[in-house]
Amino acid sequence: MKNRNKVYVRFIKSSLDRVFAILLFFATLPVMIILSTILFFEGNGGIFFKQDRNGYKERAFTLYKFRTMSCRKANSGELLTDKERLTRIGRIIRKTSLDELPQLFNIIKGDMSFIGPRPLLIKYLPYFRLEEKIRFSVKPGITGLAQVSGRNTLSWDKRLSYDVEYVKNVSFALDFKILVMTIIAVFSSQNIVVDPESIMKNLDDERRFSF
């Protein structure tokens with residue numbers, strides 16, 4: 001990352017993230033209240049989905065989303081598949097990307113950015129290659145270069161290579177381009193996979209025997 005880009009990431013990008021996250025929080029508050037009410041009365045395990053992820057400098061933080069799946073279990077006591085637990089309202093929320101709105105809290109707290117590599121599960125940490133760990137030198141994002149280049153339809157290697165490319169070339173111009181492409185993708189439902197489990201292996205399953 002070039003020095004001028006480090007200045008942008010550390011000072012300008014961080015400030016813009018918090019200012020716009022606060023503005024968007026109040027702008028989308030009516031939508032979040034409506035969704036929270038619907039999910040509360042739906043009674044599928046709560047309003048919010050919370051999960052620990054690795055972020056900046058590999059530090060763990062709690063990511064927030066609107067809950068889109070129930071907590072239904074099989075007779076064996078294990079959770080059913082994502083497809084089986086995805087609720088009707090959850091499918092709509094995912095299709096419109098409204099499940100991401102609570103991540104505004106993460107941006108305001110300083111855990112995340114609007115643009116950056118998507119934060120992944122903590123269990124994946126041992127499976128990143130050395131070059132790929134550069135993704136942890138910036139804050140993770142709600143959207144990123146990989147998301148506007150194919151989202152969940154990409155292989156893990158391709159997704160992570162886009163993360164590396166983003167970090168090496170991060171700039172205001174690139175962030176603005178990704179933001180515009182994200183808005184277009186959301187409104188056109190382009191490359192949005194409601195059930196990612198149906199087309200993608202877990203990173204640990206894919207790389208377990210390659211190290």
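Details of the structure are given in the entry above.
Conventions adopted
- Residues numbered from 1 in each chain as written.
- Predicted model: local features only at pLDDT ≥ 70, side-chain atom pairs only at ≥ 80, totals over all residues.
- Heavy atoms only, no water.
- Helix = DSSP H or I, 4+ residues; strand = E, 2+ residues; numbered from the N terminus.
- Buried < 20%, exposed > 50% of the residue type's maximum accessible area, 1.4 Å probe, protein only.
- Areas by Shrake-Rupley, 256 points an atom, 1.4 Å probe, with all protein chains shown as cover.
- 1 Å grid on protein atoms, 1.4 Å probe; cavity = no way out; pocket = protein on both sides within 12 Å on 5 of 7 lines; lining within 4 Å.
- Points joined across faces, edges and corners; volume = space filled by probe spheres on them.
- Nonpolar A, V, L, I, M, F, W, Y, C, P; charged D, E, K, R; others polar.

*Asks:* Explain the overall build of the chain to me, please; I cannot follow it from the model alone.
*Replies:* Helices and strands together make up the secondary structure of the chain, namely seven helices and four strands. The N-to-C order of helical and strand elements in the chain reads α-β-β-α-α-α-β-β-α-α-α. Counting across all 211 residues of the chain, residues that qualify as buried make up 45%. Just so you have it, the chain exposes about 11,800 Å², and 60% of that area is on carbon and sulfur atoms.

*Asks:* Is there a simple way to explain the layout of surface pockets in this structure?
*Replies:* The gaps of empty space that remain are located by a probe, the size of a water molecule, rolled over the atoms. A volume near 310 Å³ is recorded for the second largest pocket. Val 9, Arg 10, Tyr 56, Ser 137 and Lys 139 are the residues nearest the centre of the second largest pocket, which is lined by 16 residues in total. Here the lining of the second largest pocket gets seven residues from one element, more than from any other, and that element is helix α1 (residues 3-42). Considering only residue class, the lining of the second largest pocket consists of six nonpolar, four polar and six charged.

*Asks:* Explain the environment of Lys 123 to me, please; I cannot follow it from the model alone.
*Replies:* For Lys 123, the location among the structural elements is in the loop between β3 (113-115) and β4 (141-143). Between the C-alpha atoms of Lys 123 and Leu 203, which are 80 residues apart in sequence, the distance is 9.2 Å.

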